[in-house]
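An overview of the molecular structure
As a plain string of letters, each chain reads:
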Amino acid sequence: MSHRHPTTLGLLIALLAAATFGMSGAFIKPLLESGWSPVAAVTLRALIGGLVLLPFALLSLRGRWAAVWRGRWRLLGMALVGVAGTQVLYFSAIQRIPVSTGILIEYLAPVLLVAVAWARTRRAPHAVVLVGSAVAVIGLVLVVSPGGAGRLDPLGIVLATVAMIGCAAFYVIAARPSDGLPPVALASGGLLVGGLALGAVGATGLLPFTVRFTDVELFGRPTAWWVPLAVVGVLATAVAYASSITATELLGSRLASFVGLLEVVAASLYAWLLLGERLSVLQLLGGVLILGGIVLVRADRGADPEVVASVPATEGATRRPDTATRR
C-alpha cells in the first residue's frame, strides 16, 4: 500500500464528516422554529446518534473492555468537551450575539491549533501553513457573512471563544492515540455520555429544555417531528461523529480541523437547497477560499506535531514525517 493512502482515506472520510455535520442546521431549524429548545434538540440528537452507533461499537470492541477502561479519560473528554460542553457554550453564546458571529469565532479553532503548536514547539509554522490559515479564515468570513445585527455582548463573545477552545479540544482528543479503543466506540460512548450530561443540564433549569411533539414545516409541508430528528441523529450525528473521529486519527488534529471548515460550506448549501435560503456569490467564493486554505495546509511537508508524538521512535526513524498517522 502506498504511504499516501492513509492521508487520502482520511481526507475522504473528513469530507464525509463535513457533509453530514453540515446537515444538522437545515434539519434542526424546523424543530427550533416549532418551539424546541436548542438543548433539548441537541440532547436527543446525541442520544439517538450514540444508540445508533452502539451495536457497531460493541461489535468493534469484541469484548475488549480493557480498551474502554484505558481510554476512559479520552472518552469522558469527548463526551463533556467535544459533545456537551462545546454545544452548550455555542448555543449560550448565540443567545447574546448574532449566529454568524458565533460561528465565525467557533470555527477559528484550526487557527488556535496552529498557534498552540507554535507555542508548544517554539517553532514558527511553515509559510504555507500561515498562508493557508489566512486564506481559510478569509473564506470563513465570506461564507458566514458576519453582520452587525444584534449587539456584541461581551459575555457572548467570551462564551463563543470558550466554545472555540472546546472545538479545538475535540480535534485534539480525537487525534490522541487510540490505544485499542475503536473510533466508533469513542463516538458512541462520547455521544451517550454527552447526551446524558446535556439532559442533566436541562433538568437543572440552567438552560431551557423544551420539546414539542407536533408536526413541523419541512420542505414546505407539514412533517412529523421525529423525521428531522431522525435524520439529524443518524446522519448528522452518528455518521458525522464516527467519521470525524476516524478522519482525525488518520490526519491529525491540524489538517482535520481545517477540512472541518467545509462543514460551514455544506451547511450553507443545505440551507439553500432545503430551506430556500439565499446563497451569494461571496459565499461561493468563500467556499473556494476555504478549499484553497486546506490545500495549502495539506501541502506542508511537516507533520502535525501531535501525529509525530504518537509515532514510536523506532518507527519514526524509518518513515517520512509527513506520512506518520495516528492509528
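Residues numbered from 1 in each chain as written. Predicted model: local features only at pLDDT ≥ 70, side-chain atom pairs only at ≥ 80, totals over all residues. Heavy atoms only, no water.

What about the overall build of the protein chain?
Using the following cut-off: Going along the chain from the N terminus, every DSSP run of H or I of four or more residues is numbered as a helix, and every run of E of two or more is numbered as a strand. Working definition: with a 1.4 Å probe on protein chains only, accessible area under 20% of the residue-type maximum means buried, over 50% means exposed, and in between means partly exposed. Residues are treated as being in contact if the distance between any of their heavy atoms lies within 4.5 Å. Each accessible area is a Shrake-Rupley estimate made with a 1.4 Å probe; only the visible protein chains count as cover when residues are assessed.
Helices and strands together make up the secondary structure of the protein chain, namely 16 helices and two strands. A burial count over the protein chain gives 49% of its 327 residues as buried. Relative to all contacts within the protein chain whose residues are 6 or more apart in sequence, the contacts with residues 24 or more apart total 87%. Within the structure as shown, the protein chain displays about 15,000 Å² of accessible surface, and the carbon and sulfur contribution to it stands at 70%.

Points about the packing of helix α8 (residues 127-144) against helix α14 (residues 281-299)
Applicable threshold: Note on geometry: axes are C-alpha line fits, over the in-contact stretch for helices, and angles between N-to-C directions span 0 to 180 degrees. Roughly parallel here means an angle under 35 degrees, roughly antiparallel means over 145, roughly perpendicular means 65 to 115, and every remaining angle is called oblique. Left-handed describes a crossing whose near helix is turned anticlockwise from the far helix through less than a right angle; right-handed describes the clockwise counterpart.
Relative to each other, α8 and α14 sit at 160°, their axes nearing to 7 Å. The angle between α8 and α14 falls in the class roughly antiparallel. For the element pair α8 and α14, the recorded crossing hand is left-handed. Between α8 and α14, the contacting residues are V128, V129, V131, G132, S133, V135, A136, I138, G139, L140, L142 and V143 on the first element and L282, Q283, L285, G286, G287, L289, I290, G292, G293, L296, V297 and A299 on the second.

Describing the layout of surface pockets
A water-sized probe, rolled over the atoms, reveals where empty space remains. Rule in force here: Buriedness for pockets is judged along seven lines, at least five of which must meet protein on both sides within 12 Å for an open set on the 1 Å grid over protein atoms alone, while cavities are sets there where a 1.4 Å probe fits but cannot get out, and lining residues have an atom within 4 Å of a point. Grid points are joined across faces, edges and corners, and a volume is the space filled by probe spheres set on the points. Three residue categories are used. Nonpolar comprises Ala, Val, Leu, Ile, Met, Phe, Trp, Tyr, Cys and Pro, charged comprises Asp, Glu, Lys and Arg, and polar comprises the others, including Gly.
Of the pockets and cavities examined, the largest pocket occupies roughly 1,300 Å³. The wall of the largest pocket is formed by 46 residues, among which S24, G25, Y90, I103 and E263 lie closest to the centre. Residues that form the lining of the largest pocket fall into these classes: 28 nonpolar, twelve polar and six charged.

Re the environment of G50
Inspection of the secondary structure assignment puts G50 in helix α3 (residues 38-61). Residue G50 is classed as buried on the basis of its relative accessible area of 0%. Sequence spacing of G50 and A187 is 137 residues, and the spatial spacing of their C-alpha atoms is 7.1 Å. In contact with G50, not counting residues within four places along its chain, are S188, L191 and L192.

A closer look at the environment of V135
Note on placement: V135 falls in helix α8. Through-space distance from the C-alpha of V135 to that of G292 is 7.0 Å; in sequence the pair is 157 residues apart. Residues within four places of V135 in sequence aside, it is in contact with L289, G292, G293 and L296.

Brief notes about the packing of aromatic side chains
Convention followed: The aromatic pairing rule takes the rings of Phe, Tyr and Trp, using the six-membered ring of Trp, and pairs them if the centres are within 6.5 Å, calling planes under 30 degrees apart stacked, those over 60 edge-to-face and the rest tilted. Look at NZ for Lys and CZ for Arg. If either is within 6 Å of the ring centre and within 35 degrees of the ring normal, a charge sits over the ring.
Per the counting criterion, the structure on display carries six aromatic pairs. Here F170 and Y171 contribute two aromatic rings whose centre-to-centre distance is 5.2 Å and whose plane-to-plane angle is 80°, an arrangement assigned as edge-to-face. There is no split in this pair, since F170 and Y171 are both buried. In textbook terms, an aromatic cluster arises when at least three aromatic residues are bridged by ring pairs, as seen for F21, F170, Y171 and Y241. Residue placement shows R72 over the ring face of W69; its charged tip is 3.9 Å from the ring centre.

Concerning empty space enclosed by the protein
A complete count under the given rule lists two cavities of 30 Å³ or more for this structure. What the second largest cavity holds in volume is close to 30 Å³. With four residues, the top contributor of residues to the lining of the second largest cavity is α8.

Describing the pattern of salt bridges
Note the threshold: Any Lys or Arg side-chain nitrogen located within 4 Å of an Asp or Glu carboxyl oxygen qualifies as a salt bridge.
Under the defined criterion, the tally for this structure stands at two salt bridges. Of the charged contacts, one joins D179 and R70 as a salt bridge, the two residues approaching to 3.2 Å between their closest N and O atoms. Taken together, the residues D179 in the loop between α9 (154-174) and α10 (183-204) and R70 in helix α4 (residues 65-70) connect sequence positions 109 residues apart. Its relative accessible area of 47% is what places D179 among the partly exposed residues. Its relative accessible area of 45% is what places R70 among the partly exposed residues. Notably, a salt bridge pairs E249 with R74, separated by 2.9 Å at the nearest N-O pair. Remark: R74 occurs in helix α5 (residues 72-93) and E249 occurs in helix α11 (residues 226-251); sequence separation between them is 175 residues. You can call R74 buried: its relative accessible area is 10%.

Details of the side chain of S37
Formally: Counted as a polar contact is a pair of N or O atoms within 3.5 Å, where, for protein atoms, one must be capable of donating a hydrogen and the other of accepting one, and residues adjacent in sequence contribute only when both atoms are in side chains.
Examined against the element boundaries, S37 turns out to sit in the loop between α2 (23-33) and α3. In this structure the side chain of S37 is engaged in a polar contact, spanning 2.9 Å, whose partner is the backbone oxygen of P208. When sequence neighbours within four positions are dropped, the list of residues in contact with S37 reads L32, P208, F209 and T210.

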